[in-house]
Amino acid sequence: AFQKLVNSQGQFLVPVLFVTNAGDCLRQKKADQLSHLLGVPISQDQVMMSHSPLRMFKRYHEKCVLVSGQGPLLEIARDLGFCQPITIETLREKHPLLDVVDHDRRPDVLVSEYFCFQILSVVLFGEPVRWETNLQLIIDVLLTSGYPGNPYHQENYPHIPVLACNMDLMWVAEAQSPRFGHGTFMVCLENIYKKITGKDLKYEALMGKPSKLTYQYAEYLIRAQAAERQWKQPIQTLYAVGDNLMTDVYDNSWENELASAAAAHCRSVLVCTGVYNPHTEVPLETGESITETVFHGHRDFRFDPGLVEPDHIVPDVDAAVDLVFQLENFAP
């Protein structure tokens, strides 16, 4: 599939962007992984992680932010522009009395170190390893207005800003069934907060597929590629190819709300090599294959069956490339 998209020198014939909901590494590492797997050279400018749009949230960059997830979190946060990131692990070291679910990790000395910084926002990069620790400490931060060593004050509502990347409820790995994604962790966090306070946890921003913000930023990067190639004609149509109805297909409504320089259309192309399996799901045309009772999208996204109907369904990415070439009358 990707050999069809490059010329004999290995340069891409058209602007191509790899949009992933992963958030556990820097763009360059993901570009290197993709280059190795696909056999074509891919630059970091062609890669968009779930956290990439955080570069635009400059009003948070100077503030102390608590970051949750996996991988080199401080390196990722600083690369995005955050000047004062603090990890859950560092917060746990500063306040060892807060994390007591695992009795083997409870502190021997019952003294909490004085920690003077106020945490002013929370950034959720992706699912963490120790869910109980992250859930406990994030709730502590939200219910103390950023001073997690203090007693809870539930009148502090709305809480400090929360920015979340990647809302995937599940993702496909080597197991026979999909695995929990960051969206599942968020469901836990939202419900714990609601159970304790009676109020809804609020998000300052949600990013990663299928958020409007992510597709707007993706188009901005596609246009940057076109400008670098000195293309004169504006890009009329974007093709979003993916395997997940809830992230890669859901919500094409953003196309009418972009800036005037935006593409006129976005076409969704669903492949059958991942989360979506045509042999296990009810055919889409019944209109009942995804009901509100089993809606796998995020809590804050409205349910609309029309938003999970792909423009095209193909077996795999190779067929998707052929389809796009055919629709665009493009002969490489």
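Residues numbered from 1 in each chain as written. Predicted model: local features only at pLDDT ≥ 70, side-chain atom pairs only at ≥ 80, totals over all residues. Heavy atoms only, no water.

Engineer: Got a minute to help me understand the side chain of His-298 in this structure?
Structural biologist: Structurally, His-298 can be placed in the loop between strand E11 (265–271) and strand E12 (312–314). The exposure class of His-298 is buried, given its relative accessible area of 7%. Among the polar contacts made by the side chain of His-298, one reaches the side chain of Glu-190 at a distance of 2.8 Å. Other than its neighbours up to four places away in sequence, His-298 contacts Met-167, Met-186, Glu-190, Tyr-203 and Leu-206. (Helix = DSSP H or I, 4+ residues; strand = E, 2+ residues; numbered from the N terminus. Buried < 20%, exposed > 50% of the residue type's maximum accessible area, 1.4 Å probe, protein only. Polar contact = N/O pair within 3.5 Å; in protein donor to acceptor, adjacent residues only side chain to side chain. Contact = heavy atoms within 4.5 Å.)

Engineer: Would you mind going over the confidence of the model for the protein chain with me for this structure?
Structural biologist: Predicted coordinates in areas of low pLDDT are best not read in detail. Per-residue confidence for the protein chain gives a mean pLDDT of 86; residues scoring 70 or more make up 85%. Confidence drops under a pLDDT of 50 for residues 252–261, and excluding neighbours within four residues, the segment shows 18 contacts in the predicted structure. Note that residues 281–289 has pLDDT below 50 and, in this model, ten contacts with residues that lie over four places away or in other chains. (pLDDT = per-residue confidence, 0-100.)

Engineer: What exactly am I supposed to notice about the pattern of salt bridges here?
Structural biologist: In this structure the tally under the stated criterion is twelve salt bridges. Across the salt bridge formed by Arg-223 and Glu-219, the nearest N and O atoms sit 3.7 Å from each other. Here Arg-223 and its partner Glu-219 are both found in helix H6 (residues 212–228), four residues apart, which amounts to about one turn of the helix. For Glu-219, a relative accessible area of 2% corresponds to the buried category. (Salt bridge = Lys/Arg side-chain N within 4 Å of Asp/Glu carboxyl O.)

Engineer: How should unusual backbone geometry be read in this particular structure?
Structural biologist: Working note: non-glycine residues mostly have negative phi, and peptide bonds are mostly trans. That bond from Tyr-157 to Pro-158 is cis: its omega, 5 degrees, falls within 30 degrees of zero. Mapping Pro-158 onto the fold places it in the loop between helix H4 (131–143) and strand E6 (162–165). Along the chain, Lys-209 connects to Pro-210 via a cis peptide bond; the corresponding omega equals 10 degrees. Its location among the elements puts Pro-210 in the loop between strand E9 (205–207) and H6.

Engineer: Just to check I follow, could you spell out the nonpolar core for this structure?
Structural biologist: Generally speaking, a soluble globular protein has its nonpolar side chains buried in company with each other. With 28 residues, the main nonpolar core has Leu-66, Ile-119, Val-122, Leu-124, Ile-138, Leu-142 and Tyr-203 as its most contacted residues. Broken down by secondary-structure element, the contributors of at least two residues to this core are strand E3 (64–68), helix H3 (88–94), strand E5 (121–124), H4, E6 and helix H5 (182–197). Residue contacts for Tyr-203: discarding those within four places in its chain leaves Leu-124, Val-162, Ala-164, Met-186, Glu-190, His-298, Arg-299 and Asp-300. Of all hydrophobic cores here, the second largest spans 16 residues; its members include Tyr-60, Leu-73, Phe-125 and Cys-165. (Core = buried A, V, L, I, M, F, W, Y, C linked by side-chain atoms within 4.5 Å.)

Engineer: Would you take a moment to explain the pairing of E3 for this structure?
Structural biologist: Within a regular strand, the side chains alternate between the two sheet faces. E3 sits mainly inside the fold: five of its five residues count as buried. Here E3 shows two buried faces, one formed by Cys-64, Leu-66 and Ser-68 and the other by Val-65 and Val-67. Pairing analysis gives four bridges linking E3 to strand E4 (residues 84–87), with the strands arranged parallel. The partner of Val-67 across the bridge, within E4, is Thr-87. Each parallel crossover has a hand, and for E3 linked through helix H2 (residues 73–80) to E4 it is right-handed. (Pairing = 2+ DSSP bridges. Right-handed = clockwise from strand over helix to strand, strands pointing away.)

Engineer: In this structure, what is going on with the packing of aromatic side chains? I would like to understand it.
Structural biologist: Each aromatic ring pair is described using two quantities: the centre-to-centre distance and the angle formed by the ring planes. Per the stated rule, a full pass over the model turns up seven aromatic pairs. An angle of 85 degrees between the planes, with centres 5.3 Å apart, marks the rings of Trp-131 and Phe-185 as edge-to-face. In this pair, Trp-131 is assigned in helix H4 and Phe-185 in helix H5, connecting sequence segments 54 residues apart. Consider the rings of Tyr-157 and Tyr-193, whose centres lie 6.5 Å apart with planes at 25 degrees: the pair is stacked. Residue Tyr-157 is found in the loop between H4 and E6, and its partner Tyr-193 is found in helix H5; the two are separated by 36 residues along the sequence. Under the relative-accessibility criterion, Tyr-157 is labelled partly exposed at 27%. Sitting over the face of the ring of Tyr-157, Lys-199 holds its NZ or CZ atom 5.5 Å from the ring centroid. (Phe/Tyr/Trp six-rings, centres within 6.5 Å; stacked < 30°, edge-to-face > 60°. Lys NZ or Arg CZ within 6 Å of the ring centre and 35° of its normal.)

Engineer: What is the right way to look at the packing of H4 against H5 in this model?
Structural biologist: Any two packed helices are characterised by how steeply their axes cross, that is the angle between the axes, and by the distance between the axes. It is the contact of H4 with H5, at a shortest axis distance of 10 Å, that shows an interaxial angle of 45 degrees. Between H4 and H5, the angle is such that the two are oblique. Between H4 and H5 lies a crossing whose hand is right-handed. Residues Trp-131, Asn-134, Leu-135, Ile-138, Ile-139, Leu-142 and Leu-143 of H4 form the contact with H5, whose participating residues are Thr-184, Phe-185, Cys-188, Leu-189, Ile-192, Tyr-193, Ile-196 and Thr-197. Its residues placed into classes, the contact of H4 with H5 shows twelve nonpolar, three polar and no charged. (Axes fitted to C-alpha atoms, helices over the stretch in contact; angles between N-to-C directions. Parallel < 35°, antiparallel > 145°, perpendicular 65-115°, else oblique. Left-handed = near helix turned anticlockwise from the far one by under 90°. Nonpolar A, V, L, I, M, F, W, Y, C, P; charged D, E, K, R; others polar.)

Engineer: Can you walk me through the sheet that holds E9 in this structure?
Structural biologist: Strand-to-strand pairing in sheets goes through backbone hydrogen bonds, with the strands running parallel or antiparallel. Here we have five strands laid out as an open sheet, ordered E4-E3-E5-E6-E9, and parallel in their pairing. Looking at strand neighbours, the two that pair on one side only are E4 and E9, the edges of this open sheet. Strand-to-strand, the axes of this sheet are offset by a mean angle of 20 degrees, without reference to chain direction. Relative to E6, E5 runs parallel, the two being bridged by three bridges. By the bridge assignment for E6, Val-123 is matched with Leu-163. Together, E3 and E4 form the strand contacts of H2, whose direction differs from that of E4 by roughly 160 degrees. Lying over the sheet, H5 contacts E5, E6 and E9, oriented at roughly 145 degrees with respect to E5.

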